[in-house]
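# Summary of structural features
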Amino acid sequence: MFGSGRAILSLRENYRRDLREVKQVTGLQYVRFHAIFHDEVGVYDEDEKGKPVFNFSYVDQIYDGLLANGVRPFLELSFTPKKLASSPAALHAFWYKQNVSPPKDYAKWDDLITQFTKHLIDRYGIDEVAKWYFEVWNEPNIDFWAGDPHQSTYFELYDHTARALKAVNPRLRVGGPATAQAAWADAFIRYCADNKVPVDFVSSHVYGNDSAEDVFGTHEKIARNRMVCRAIGKVHEQIKSSAMPTLPLIWSEFNASYANESAVTDSTYMGPWLADTIRQCDGLVDEMSYWSFSDVFEEQGVVKQPFYGGYGLIAVDDIPKPAFNAFQLLHRLGGQRLAASSENVLVTRHANGSLAIATWNMADPGTAGPEKEVELRFEHAKVSSVQIMRLDPDHGDVRKAYEAMGSPRYPTKDQIARLRAAAKLAPTETLAVRNSSVILRIPSQGLVLIETKPAR
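All of the points below concern the structure found in this document. Worth saying up front: this structure is predicted, and the values here are computed from it rather than measured.

What the chain contains, in helices and strands, is 13 helices and 20 strands. Expected size for 456 residues packed as a compact globule is a radius of gyration near 23 Å; at 23 Å, the chain falls within 12% of this value. The buried share of the chain, reckoned over its 456 residues, is 57%. Considering only residue pairs separated by 6 or more positions, the chain has 72% of its internal contacts joining residues 24 or more positions apart. Summed over its atoms, the accessible surface of the chain is roughly 19000 Å², and 48% of this surface lies on carbon and sulfur atoms. Separation of charge centres in the chain, based on 51 positive and 57 negative side chains, amounts to 5 Å.

This part takes up the packing of aromatic side chains. Summed over all chains, the structure comprises 36 aromatic pairs. A centroid spacing of 6.4 Å and a plane angle of 15° characterise the contact between Phe79 and Phe144, whose relative ring orientation is stacked. Taken together, the positions of Phe79 in the loop between strand 5 (72–77) and helix 3 (106–124) and Phe144 in the loop between strand 6 (133–136) and helix 5 (150–168) put the pair 65 residues apart, joining distant regions of the chain. Taken as a pair, Phe79 and Phe144 share a single burial class, namely buried. A network of ring pairs unites the aromatic residues Phe37, Tyr44, Phe54, Phe56, Phe79, Phe94, Tyr96, Trp109, Phe116, Trp137, Phe144 and Trp145 as a single cluster. Its end group placed over the ring of Tyr133, Arg173 keeps NZ or CZ at 3.8 Å from the ring centre. In this structure, Arg230 is placed above the aromatic ring of Phe216, and the distance from its NZ or CZ to the ring centre is 4.8 Å.

Reading across the sheet, the six strands line up as 13-14-15-20-17-18 and stay open at both edges, with antiparallel pairing between neighbours. Among the strands making up the open sheet, the edge pair consists of strand 13 (336–338) and strand 18 (429–432). On average, each strand axis in the sheet is inclined to that of its neighbour by 30°, with strand direction left out of account. Pairing analysis gives four bridges linking strand 17 (residues 385–391) to strand 18, with the strands arranged antiparallel. Its bridge partner being in strand 18, Ser385 is matched across the sheet by Ala432. The sheet contacts of helix 10 (residues 270–281) involve strand 13, strand 14 (345–349), strand 15 (355–361), strand 17 and strand 20 (446–451), and relative to strand 15 the element is tilted by about 120°. Together, strand 15, strand 17 and strand 20 form the strand contacts of helix 11 (residues 322–330), whose direction differs from that of strand 17 by roughly 155°.

Now for the nonpolar core. What tends to happen in soluble globular proteins is that the nonpolar side chains get buried as a cluster. Residues Tyr63, Phe116 and Phe134 are the most contacted members of the largest nonpolar core, which totals 114 residues. The leading source of residues in this core is helix 3, at eight residues.

Applying the stated criterion to the full structure yields 32 salt bridges. Between Arg123 and Asp64 there is a salt bridge, with its nearest N and O atoms 2.7 Å apart. With a gap of 59 residues between them, Arg123 in helix 3 and Asp64 in helix 2 (residues 57–68) connect regions that are remote in the sequence. Three or more residues are tied together by salt bridges with common partners; here these are Arg6, Arg12, Glu40 and Glu298.

Reading the values: rules and limits
Once a new chain begins, its residue numbering starts again from 1 and follows that chain's sequence as written. Two thresholds apply to this predicted model, a pLDDT of at least 70 for residue-level local features and 80 or more for giving and counting side-chain atom pairs, whereas whole-chain, interface and lining totals are computed over all residues. Side-chain descriptors were evaluated using all non-hydrogen atoms of the structure, hydrogens and water having been removed beforehand. Only DSSP runs of H or I covering at least 4 residues are called helices, and only runs of E covering at least 2 are called strands; the numbering of each starts at the N terminus. Both definitions apply: the radius of gyration is a C-alpha atom measure, and the globule rule equals 2.2 Å times residues to the power 0.38. Note on classification: 1.4 Å probe, protein chains only; a residue is buried when its accessible area is under 20% of the maximum for its type, exposed when over 50%, partly exposed between these limits. The contact criterion used throughout is that any non-hydrogen atoms of two residues lie within 4.5 Å. Accessible surface is estimated by sampling points in the Shrake-Rupley manner with a 1.4 Å probe; for residues, cover comes only from the protein chains shown. Note that His is not counted, nor are the chain ends; the positive residues are Lys and Arg, and the negative ones are Asp and Glu. The atoms used to mark charge sites are NZ of Lys, CZ of Arg, CG of Asp and CD of Glu. The rule is short: rings of Phe, Tyr and Trp, with Trp giving its six-membered ring, pair when the centres are within 6.5 Å, and they are stacked under 30 degrees, edge-to-face over 60, tilted in between. Lysine NZ or arginine CZ positioned within 6 Å of the ring centre and within 35 degrees of the ring normal marks a charge as sitting over the ring. DSSP calls a pair of strands paired once it identifies at least 2 bridges connecting them. In this description, a line fitted to the C-alpha atoms serves as the axis of each element, helices being fitted only across the stretch in contact, and the angle between N-to-C directions of two axes falls anywhere from 0 to 180 degrees. Here, the term nonpolar core denotes a set of buried Ala, Val, Leu, Ile, Met, Phe, Trp, Tyr and Cys residues that are joined through side-chain atoms within 4.5 Å. Salt bridge criterion: a side-chain nitrogen from Lys or Arg within 4 Å of a carboxyl oxygen from Asp or Glu.

Here you go:
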């Protein structure tokens, strides 16, 4: 699952091109975005007597576009249409200025949820829509929600929304609280259990540079490559010890940084960071949604240049970043994880018996640490050679080519073509296995994917 820019952007052809590119290399199944109820989508209006008027024209185009590309929506139900807002001035700081106030009339909000959901089922059928997820709001514990106090007013919103959805069809999946910084999960489950409010999953968010104070209420220093899985572990344990210990956990936003740090999200650092995050989080969470798949994204306004620390795997002008290549390599891992003696390796096996191994050399963003020598020993598998794919500052990192051409703010068509070529992974290498061993040299911020042929 991946996040993306707000709903209306999915109508753009460059959004859909990026979606297809990421689908091809990752097999992504769900996409989540904000603001399906923003006025620019045109869902909700009122006539001169205050009677609701619904229009699902853009909604249909948005979801048709996802489904046509083999991707299902993970619906974030947000934000408040201006004619339903209790505070018209409660506009978020994002460029598209969504209203984050509670509804002024919950009967009308319930009707919006009901009519919206009925329309989806009428258009796509309950067997399809039952495979989707409905998540109530986005990060209500911070400035995406103007209810006061935040928690109790969000619980009221969730209560109304979940009951309205289930009244349309009990097969629909609904959850929350979609909080930032791994917050509220325990209180949310308790509220739902005590008040018999429907809930099918718990969701939350965290980023690698969130602070320990915000996530855990402590003053410790938690490394960027440890924060995400520490936070997921916290919520995982809260669910296990709750009145609903089998609720699925869906991490509907994560990344190494919530800030626009080019040395992080535009760099090969993302290879080791993603691999290590998979290693640590495996077994603690049901689904994780990387934020985001594309830099077709306008929270801070119109994108001004190709590499600015955007969250996406693909930069403006459809230029793949190192993170795109990291996902491409890691998607080649097998479905069964095997034990490994190192914290810098993931060993997996495919159904046909072949092995796929990821190993990496982590270094802090913007730094160049020493090269690492890694020895892989195949003592219990008959392997004569391995196939090697690399991601590091000299393999699959487009930024060197971009800087060599002077970091143009608006690359020409010829420069774009050269950047796309430079972004591609290098050809696969073949290494002989001697004495059941292969030795690799991995530069700082490097990720290597090793594949074996099935044992005979």
